[in-house]
Structures are given as C-alpha cells and as structure tokens.
Amino acid sequence: MSVEYYTRLERGNVGGVSEEILDSLAAALQLDDVERAHLTALIRAANAPHRAPDRDGGVSHVRDSLQQILDAMTAAAAFVRNAHLDVLATNQLARTLYQEALDTDDQPPNLARFIFLDPRARHFYRDWDGIAHDAVGSLRTEAARTPGNTDLADLIDELATHSDEFAMRWDAHDVEYYRSGQQRFHHPAVGDINLDYDALELPAVLPSPRESGGAGNLLRTVRRVTLAATVGSLRG
C-alpha cells in the first residue's frame with residue numbers, strides 16, 4: 001500500500017477498497033477481530049448507496065417458545081437483549097438479579113439507560129467502569145453496522161445529552177462485543193455476587209415443547225434417560 005493511497009483512506013476516500021487492502025490495513029494497525037469488523041462496517045457504510053434514515057428499534061420482542069426456554073433455565077440468570085441493549089425477555093433468576101435495572105417506566109428496559117442515567121447502577125455493578133466501557137463499545141459497534149438507524153441515534157443522543165460519562169466514552173471511539181467474562185454485582189438483598197457470563201447470538205437450535213404436557217413430559221423423560229445413561233457410564 002503506497003503512502004498516497006493510505007493518505008487517501010485517512011481523508012475518508014474509501015471507494016473501491018478491497019478485502020486485501022482491509023487485511024493489510026488491519027494487520028498494520030494491529031486490530032483485533034472486533035476492531036477489524038468495525039472497520040469493515042465503516043467501509044461498507046461509506047461505499048453503500050445513500051439511504052433514507054431508518055427508524056429501526058431493532059428486535060423488539062421474542063417468540064413464546066424462546067420465553068419457555070428461558071423459563072426452563074432454573075440454575076442460571078438468563079435474558080435476551082437486542083443490539084440497542086433493550087432487555088426483551090428474562091427468566092426468574094434474571095428478573096431477581098436485575099430487578100433494579102428492570103424497575104423502570106421505559107419499556108423495554110434499556111441497560112445503557114440504567115448504567116448511565118440511574119444512580120443505582122454504580123452500586124449494582126461493582127466494576128461500573130468496565131460495564132460502562134463495554135456498553136458504549138457495543139452501541140458504537142451497532143451504530144457502525146446500521147448507520148441510518150435513527151432509533152439508535154436518538155438513544156445515543158439522549159445518553160450523551162444527560163450523561164457526561166457516556167459522552168466522554170463515546171468520543172473515545174472504542175468498540176466492543178459482549179462475549180464472555182465475569183461480572184461483579186452488588187445485589188440489594190444478598191450482597192456481593194461474582195458471576196461468569198457468556199453472550200450467545202441467536203439464531204440457535206434449542207428444541208422446546210409448546211406446552212407443559214405431552215411433549216414436555218417426553219422431553220423430561222429423555223433428560224432422565226440421558227442422565228441415567230451418563231451416570232451408568234461413569235460408574236462403569
């Protein structure tokens with residue numbers, strides 16, 4: 001890549017940039033996977049035909065079958081959120097754990113609003129700086145992926161207007177993906193809790209019965225048979 005070509009890219013003239021150029025640029029800048037994906041999204045947005053602004057709030061609801069899957073998960077706090085950090089569905093443990101974040105007139109509840117606009121968040125998240133950094137990085141990643149999304153732009157404008165902490169982090173242009181790690185909470189009822197987390201992207205194949213009888217009973221039978229076979233093999 002010539003110096004002249006690199007200078008052209010710095011000035012925003014990215015028309016016709018090839019995958020090979022992107023690979024070379026990402027390697028030279030030592031970008032990680034998240035940063036490279038962000039760069040690619042920016043290049044695609046710059047090269048895409050002009051589109052009218054799109055008022056897209058992202059996924060706004062979940063199927064009943066997915067709620068049943070969440071409800072069946074009784075040993076972990078599980079919830080579904082969209083790319084705007086709206087919480088769309090929870091199981092019982094998640095509702096108990098995130099009760100302060102979910103206690104809002106805004107529907108659906110939004111984790112970014114809770115983190116930056118609700119003073120309780122600083123007590124709930126013991127690593128508030130870390131979760132704040134990840135939330136802003138996640139929103140910036142989505143903003144690059146959907147540049148015409150006016151609902152997301154409105155959310156970002158609201159947060160930047162009412163939170164200096166958000167505005168400062170937004171101006172840093174960091175990008176993040178929620179993937180896995182540990183979060184440290186302080187729950188008002190039980191105190192400090194450290195929980196490992198994994199973020200799973202839908203779609204996924206998760207068979208579940210439509211109702212409690214019939215298929216539900218058969219599925220529980222399959223589980224008992226599987227557990228019995230597993231125990232038997234371990235004993236053998």
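In this text, all values refer to a predicted model and were calculated from it rather than measured experimentally.

**Describing the environment of Ala 199**
Position of Ala 199 relative to the elements: it lies in the loop between strand 4 (191–198) and helix 12 (215–235). In this structure the C-alpha to C-alpha distance between Ala 199 and Ser 180, which are 19 residues apart in sequence, comes to 6.1 Å.

**Structural notes on the packing of helix 10 (residues 150–162) against helix 11 (residues 164–171)**
Orientation of helix 10 relative to helix 11, taken along the N-to-C sense of each, is 120 degrees, at an axis distance of 5 Å. Relative to helix 11, the element helix 10 lies oblique. As for how helix 10 packs across helix 11, the hand of that crossing is left-handed. In contact with Ile 156, Leu 159, Ala 160 and His 162 of helix 10, helix 11 contributes Asp 164, Phe 166, Ala 167 and Trp 170. Classifying every residue of the contact of helix 10 with helix 11 by side-chain character gives six nonpolar, one polar and one charged.

**As for the nonpolar core**
With 26 residues, the main nonpolar core has Ile 115, Phe 116, Tyr 125, Leu 139 and Phe 166 as its most contacted residues. When contributions to this core are tallied by element, the ones reaching two or more residues are helix 7 (111–117), helix 8 (121–124), helix 9 (128–145), helix 10 and helix 11. A per-element tally of this core places helix 9 first, with six residues.

**With respect to the pattern of salt bridges**
Applying the stated rule across the entire model yields eight salt bridges. Measuring nitrogen to oxygen at the nearest pair gives 3.1 Å for the salt bridge that ties Arg 169 to Asp 129. Placement of Arg 169 in helix 11 and of Asp 129 in helix 9 is noted, with a sequence separation of 40 residues between them. Asp 129 sits in the partly exposed class, given a relative accessible area of 47%. What you see here is one network of salt bridges that share partners, running through Arg 122, Asp 129, Glu 165 and Arg 169.

Basis of the calculations
- Note on numbering: residues in each chain are counted from 1, in written sequence order.
- For this predicted model, a pLDDT threshold of at least 70 governs which residues receive local features, and a threshold of 80 or more governs which side-chain atom pairs are given and counted, while totals over whole chains, interfaces and linings are taken from all residues.
- Values reported for side chains reflect all heavy atoms of the structure, with hydrogen atoms and water molecules removed beforehand.
- The numbering of helices and of strands both runs from the N terminus, where a helix is a DSSP run of H or I of at least 4 residues and a strand a run of E of at least 2.
- Helix axes are fitted only over the stretch in contact, all axes being lines through C-alpha atoms; the angle between N-to-C directions runs from 0 to 180 degrees.
- Roughly parallel here means an angle under 35 degrees, roughly antiparallel means over 145, roughly perpendicular means 65 to 115, and every remaining angle is called oblique.
- By definition, any crossing whose near helix is turned counterclockwise from its far helix by less than a right angle is left-handed, and any crossing with a clockwise turn is right-handed.
- Any two residues whose heavy atoms approach within 4.5 Å are treated as being in contact.
- In this count, Pro and Cys sit with the nonpolar residues alongside Ala, Val, Leu, Ile, Met, Phe, Trp and Tyr, while Asp, Glu, Lys and Arg are called charged and the others, Gly among them, polar.
- Here, nonpolar core means buried Ala, Val, Leu, Ile, Met, Phe, Trp, Tyr and Cys residues that are tied together by side-chain atoms lying within 4.5 Å of each other.
- For each residue, the accessible area found with a 1.4 Å probe, counting protein chains only, is set against the maximum for its type, and the residue is called buried under 20%, exposed over 50%, and partly exposed in between.
- Salt bridge, as used here: a side-chain nitrogen of Lys or Arg that lies within 4 Å of a carboxyl oxygen of Asp or Glu.

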